[in-house]
Amino acid sequence: MRTVLVERSATGGQAGRAHASRTTGLPRRVSGAQLTDRARRQAAKFGAEILTAREVTALEVNGAARIVRFSDGSAIAAHSVILATGVSYRQLEAPGCEDLTGCGVFYGSALTEAPSCQGQDVYIVGGANSAGQAAMYLSRGAKSVTLLVRGASLAASMSHYLIQQIEESPNIQVRTRTVVEAAHGDGRLEQLTLRDVDGGQTEQVDAQWVFVFIGAAPLTGWLDGTVLRDERGFILAGPDLTSDGRPPEGWELDRPPYHLETNVPGVFVAGDARSESAKRVASAVGEGAMAVMLVHRYLEQS
């Protein structure tokens, strides 16, 4: 089997840009760049061809061929394709946040860091359900949890039951009309500068942890007309395609889609781009391994 890995930029995506990872089962912290470089070298050792700085713009179906087309007009025809395009998290644009990502500033569902927050001050940026759920979870062990909300209240984007739970939690504070102006720290987050949206006043506070929940978008627009996605653009696969007991429209095989298989037979999805995925490195790696197994099964039966 010949395998080709196509990367638009650097190998590893979000994981490759993280400063450190504690979720891989390794005895000590490693940077995202170190982790993904090891994965790239291992893939090359096993014979994978790696194409970098190549942007995929379309996926086409031609009989048994699954054709991956590039922005320069060239293409690769394959028997099977695994989509592992991840997501693009909306980033805090405040100075210092980029340098401290993974070192106190975390995006998405990075709640595996929760045990390290015991007895410390935690800030959460966002006003939707994901931010509220994170606040409730972290409040169990943190000294204090402060929700920073740009809007005037939580009611516009958070479920009523969560708002009630937050109001009843003694160590959760909600600061509306407040944004992060800057993050400060020498190799590790130490302080935040907060700004009042209405008056413009700023305040510097001690902070060791910031969890940011301001949205993420999958990079799946190039799949329009080929692969089914949910209302947010995440790729549907396996049981999510057959929730009504029927196969997806156009499905011609006498079996249902495999667990990570899309509505196009032989095209699989793994990691953050999949609808309802966990958005964590460890789960993405596990889904990647499962997808490879399913590719073998698909090819054996084709």
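For the structure given in this document, a descriptive report is provided here. (Residues numbered from 1 in each chain as written. Predicted model: local features only at pLDDT ≥ 70, side-chain atom pairs only at ≥ 80, totals over all residues. Heavy atoms only, no water.)

This part covers helix H4 (residues 160-168). Among the residues of H4, those classed as buried are Leu162, Ile163 and Ile166. The arc that holds every buried residue of H4, seen down its axis, measures 100°, which confines them to one face. Residues of H4 that are exposed and angled more than 90 degrees away from the buried face: His160, Glu167 and Glu168. Considering only its buried residues, H4 is in contact with helix H3 (129-138), strand S10 (144-149) and strand S11 (172-176). (Buried < 20%, exposed > 50% of the residue type's maximum accessible area, 1.4 Å probe, protein only. Helix = DSSP H or I, 4+ residues; strand = E, 2+ residues; numbered from the N terminus. Arc of directions from axis to C-beta. Contact = heavy atoms within 4.5 Å.)

The next subject is the nonpolar core. Counting 22 residues, the largest nonpolar core has Val122, Ile124, Leu138, Val145, Leu147 and Phe211 as its most contacted members. Those elements that provide at least two residues to this core are strand S9 (121-125), H3, S10, H4 and strand S15 (209-212). Among the elements that make up this core, the one with the highest residue count is H3 (four residues). Core analysis: the second largest hydrophobic core is formed by 21 residues, Ala94, Tyr107, Tyr123 and Val180 among them. (Core = buried A, V, L, I, M, F, W, Y, C linked by side-chain atoms within 4.5 Å.)

This brings us to the sheet that holds S15. Taken in spatial order, the five strands of this open sheet run S8-S15-S9-S10-S11, and their pairing is parallel. Each having just a single partner strand, strand S8 (105-107) and S11 make up the two edges of the open sheet. Neighbour-to-neighbour, the strand axes of this sheet turn through a mean angle of 20°, independent of strand direction. The sheet contact formed by S9 and S15 spans four bridges and is parallel. Opposite Val125, over in S15, you have Val212 as the bridge partner. Across the sheet, H3 is in contact with S9, S10, S11 and S15; its angle to S9 comes to roughly 170°. (Pairing = 2+ DSSP bridges. Axes fitted to C-alpha atoms, helices over the stretch in contact; angles between N-to-C directions.)

A few words on the packing of aromatic side chains. A full pass over the atoms with the stated rule returns four aromatic pairs. Ring centres of Phe106 and Trp209 lie 5.9 Å apart, and the angle between their planes is 20°; on these two criteria the pair is classed as stacked. Residue Phe106 is found in strand S8, and its partner Trp209 is found in strand S15; the two are separated by 103 residues along the sequence. Residue classification places Trp209 among the buried positions, given a relative accessible area of 4%. One aromatic cluster in this structure is built from Phe106, Trp209 and Phe211. Above the face of the Tyr258 ring, Arg255 is positioned so that its terminal group lies 3.8 Å from the ring centre. (Phe/Tyr/Trp six-rings, centres within 6.5 Å; stacked < 30°, edge-to-face > 60°. Lys NZ or Arg CZ within 6 Å of the ring centre and 35° of its normal.)

Attention now goes to the side chain of Ser139. With respect to the secondary-structure elements, Ser139 resides in the loop between H3 and S10. What makes Ser139 buried here is its relative accessible area of 11%. Sequence-distant contacts of Ser139, defined by excluding residues within four places in its chain, comprise Val145, Asn171 and Ile172.

What follows deals with the pairing of strand S13 (residues 191-196). Across six bridges, strand S12 (residues 178-184) lies against S13 in antiparallel orientation. In the sheet register, Ala183 faces S13, and the bridge partner there is Leu192. When S13 meets strand S14 (residues 202-206), the two strands line up antiparallel, connected through five bridges. Residue pairing in the sheet places Leu192 in a bridge with Val205 of S14.

Right, let's talk about H3 for a bit. Of the residues making up H3, those classed as buried are Ala131, Gly132, Ala134, Ala135 and Leu138. Across the axial projection of H3, the buried residues extend over an arc of 160°, all falling on one side. Residues of H3 that are buried sit in contact with S9, S10, H4, S11 and S15.

When strand S3 (residues 56-62) meets strand S4 (residues 65-70), the two strands line up antiparallel, connected through six bridges. Of the residues in S4, the one forming a bridge with Leu59 is Val68. From the end of S3 to the start of S4, which pair antiparallel, there are two residues, and Gly63 there has a positive phi angle of about 65°.

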